Amino acid sequence: SSGINAEYGVIESVSSTPIITFSSHLDSLLGGGILPGEIIEFLGEPGSGTTQMCLQLAVDCTIPKTFGGRNCRSLIVDCNGDTCEIRLNQMAEAALAHLNVITSNNEEREVISRLTAKDMLNNIDTVRCTDYTQLLALINSMSEKCDYGAVIIDALATHFRHEFDDMRQRTNILAELSNKLHKLCMKNDVSLVIVNQVRTGSEGGVQPCLGESWSHTAHRRVFLRRVSGDVYSATLMKGEKSGETTDFRISSRGIRDCPSQATSMK
């Protein structure tokens with residue numbers, strides 16, 4: 001199907017179908033989206049859109065293959081207690097409405113006639129992790145067999161910023177976790193999305209939390225910040241287009257292009 005892929009210009013192979021964000025400019029910055037076997041890290045201050053990004057990606061995982069989607073289950077690992085079922089439902093309804101708009105052939109019409117927002121939400125699981133031991137146990141449990149196409153951890157830094165007096169122990173545990181996450185991705189073709197937090201650096205400005213060693217975990221790192229109103233920016237800090245920035249919008253429907261950017265994504 002051309003579907004969404006026609007809008008985003010991404011690769012057609014099902015085995016490497018990326019998860020899109022619903023902002024064509026942000027997807028372009030990400031080379032088409034988030035690929036299977038990739039670890040991507042979103043960083044930002046509170047209110048920068050990181051949790052909204054997680055919810056949108058969880059919904060977009062469930063888009064049928066007929067429309068160029070991944071059609072997979074996703075797991076949100078909630079470390080903050082921030083996951084909002086109402087917001088997830090709102091984004092799923094909006095994604096379904098968009099699929100209805102772009103339906104262009106009988107195969108797509110047949111799929112969309114049977115698809116509901118509830119179907120999409122039934123493919124999204126949420127688990128609450130209240131400390132780092134629960135997080136490690138969860139990752140261990142999925143190491144051999146993972147039924148999810150995407151695992152989304154929001155926010156991993158929560159349990160590593162304040163729970164350790166011994167920083168050497170923290171560094172060792174993070175190194176072990178990083179190794180396990182890479183194995184999870186590569187063995188199961190999982191897209192892994194991690195939210196990290198930021199702190200004020202010694203020379204001003206903001207820096208990612210969790211230290212230098214952790215910075216090698218993700219294949220790509222994206223810094224999000226709020227510009228004004230519902231406009232946000234994404235800057236690639238690590239990856240093929242490192243240093244490039246684009247704006248996007250967080251509307252009632254979810255992640256979208258800014259009105260001034262919008263073309264086919266209405």
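If you're wondering where the values come from, they're calculated on a predicted model, not measured in any experiment. (Residues numbered from 1 in each chain as written. Predicted model: local features only at pLDDT ≥ 70, side-chain atom pairs only at ≥ 80, totals over all residues. Heavy atoms only, no water.)

Here we look at the overall build of the protein
Along the backbone of the protein there are 10 helices and 11 strands. Relative to its length of 266 residues, the protein is compact, with a C-alpha radius of gyration of 18 Å against a globular reference of 18 Å. Across its three principal axes, the protein shows a C-alpha extent of roughly 60 × 40 × 35 Å. Within the span of the protein, comprising 266 residues, buried residues form 54% of the whole. Pairs at least 24 apart in sequence give 67% of the contacts found in the protein among residues at least 6 apart. Carbon and sulfur atoms make up 47% of the accessible area of the protein, which totals about 11800 Å². (Helix = DSSP H or I, 4+ residues; strand = E, 2+ residues; numbered from the N terminus. Rg over C-alpha atoms; globule rule 2.2 N^0.38 Å. Buried < 20%, exposed > 50% of the residue type's maximum accessible area, 1.4 Å probe, protein only. Contact = heavy atoms within 4.5 Å. Areas by Shrake-Rupley, 256 points an atom, 1.4 Å probe, with all protein chains shown as cover.)

Section: the layout of surface pockets
Considered as a void within the structure, the largest pocket measures approximately 230 Å³ in volume. Lining the largest pocket are 18 residues, with E45, P46, G47, T50 and T51 sitting closest to its centre. Contributions of two or more residues to the lining of the largest pocket are made by α3 (50-60) and β5 (191-196). The greatest single-element share of the lining of the largest pocket, amounting to three residues, is contributed by α3. Looking at the lining of the largest pocket residue by residue, the class counts come to four nonpolar, 10 polar and four charged. Put simply, the second largest pocket is a space of about 160 Å³. If you trace the second largest pocket, you find it lined by R170, T171, L174, A175, S178, L210, G211, E212, S213, W214 and T217. (1 Å grid on protein atoms, 1.4 Å probe; cavity = no way out; pocket = protein on both sides within 12 Å on 5 of 7 lines; lining within 4 Å. Points joined across faces, edges and corners; volume = space filled by probe spheres on them. Nonpolar A, V, L, I, M, F, W, Y, C, P; charged D, E, K, R; others polar.)

Comments concerning the packing of helix α7 (residues 132-141) against helix α9 (residues 167-188)
At their nearest, the axes of α7 and α9 sit 10 Å apart, and the two run at 25° to each other. Our classification of the angle between α7 and α9 gives roughly parallel. Pair α7 / α9 crosses with left-handed handedness. When α7 is examined against α9, the residues Y132, L135, L136, I139 and N140 are found in contact with a partner set consisting of Q169, I173, L177, K180, L181 and L184. When the residues that make up the contact of α7 with α9 are grouped by side-chain class, the tally is eight nonpolar, two polar and one charged. (Axes fitted to C-alpha atoms, helices over the stretch in contact; angles between N-to-C directions. Parallel < 35°, antiparallel > 145°, perpendicular 65-115°, else oblique. Left-handed = near helix turned anticlockwise from the far one by under 90°.)

Concerning the packing of aromatic side chains
By the definition in use, this model includes two aromatic pairs. When the centroid spacing of 5.9 Å and the interplanar angle of 45° are considered together, the rings of Y132 and F160 count as tilted. A residue pair is termed long-range when its members are at least 10 positions apart, and Y132 in helix α7 and F160 in helix α8 (residues 158-161) qualify at 28 residues. Both rings, one in Y232 and one in F248, keep their centres 5.8 Å apart while their planes meet at 20°; by these two values the pair is stacked. Placement of the pair is Y232 in strand β9 (residues 231-238) and F248 in strand β10 (residues 245-251), with a sequence separation of 16 residues. (Phe/Tyr/Trp six-rings, centres within 6.5 Å; stacked < 30°, edge-to-face > 60°.)

A closer look at the side chain of Q56
In this structure, Q56 sits in helix α3. Those residues within four positions of Q56 in sequence are excluded, and the remaining contacts are T21, F22, M91, R253, G254, I255 and R256.

Thoughts on the sheet that holds strand β8 (residues 220-228)
Pairing between the strands of a sheet is mediated by backbone hydrogen bonds and can be parallel or antiparallel. One open sheet accounts for nine strands, arranged β3-β2-β4-β5-β1-β8-β9-β10-β11; its pairing is mixed. Edge positions in the sheet fall to β3 (124-128) and β11 (254-256), since each of these pairs with one other strand and no more. This sheet shows a mean twist of 25° between the axes of neighbouring strands, independent of strand direction. Relative to β5, strand β1 (residues 39-43) is paired through five bridges, and the arrangement is parallel. If you follow E41 over to β5, its bridge partner there is I194. The strands touched by helix α4 (residues 85-102) within the sheet are β2 (74-78), β3, β10 and β11, with β11 carrying the most contacts at an inclination of about 45°. (Pairing = 2+ DSSP bridges.)

Digging into the environment of V222
By secondary structure assignment, the location of V222 is in strand β8. Judged by relative accessible area, which is 0%, V222 ranks as buried. Along the primary structure V222 and E244 are separated by 22 residues, whereas in three dimensions their C-alpha atoms are 10.0 Å apart. If we ignore the near neighbours within four places in the chain, the residues touching V222 are L30, I40, E41, F42, L43, A234, T235 and L236.

Observations regarding the confidence of the model for the protein
Of all residues in the protein, 91% attain a pLDDT of 70 or more, and the chain-wide mean is 86. Note on residues 1-14: pLDDT is under 50 here. Beyond four places in sequence and across chains, it has 34 contacts. (pLDDT = per-residue confidence, 0-100.)

Details of the state of the cysteines
Under the criterion given, the structure shown has zero disulfides. Note on C54: no disulfide assigned, nearest cysteine sulfur contributed by C79 at a separation of 10.0 Å. In this structure C146 is a free cysteine whose sulfur lies 8.9 Å from that of C185, the closest cysteine sulfur available. (Disulfide = S-S within 2.5 Å.)

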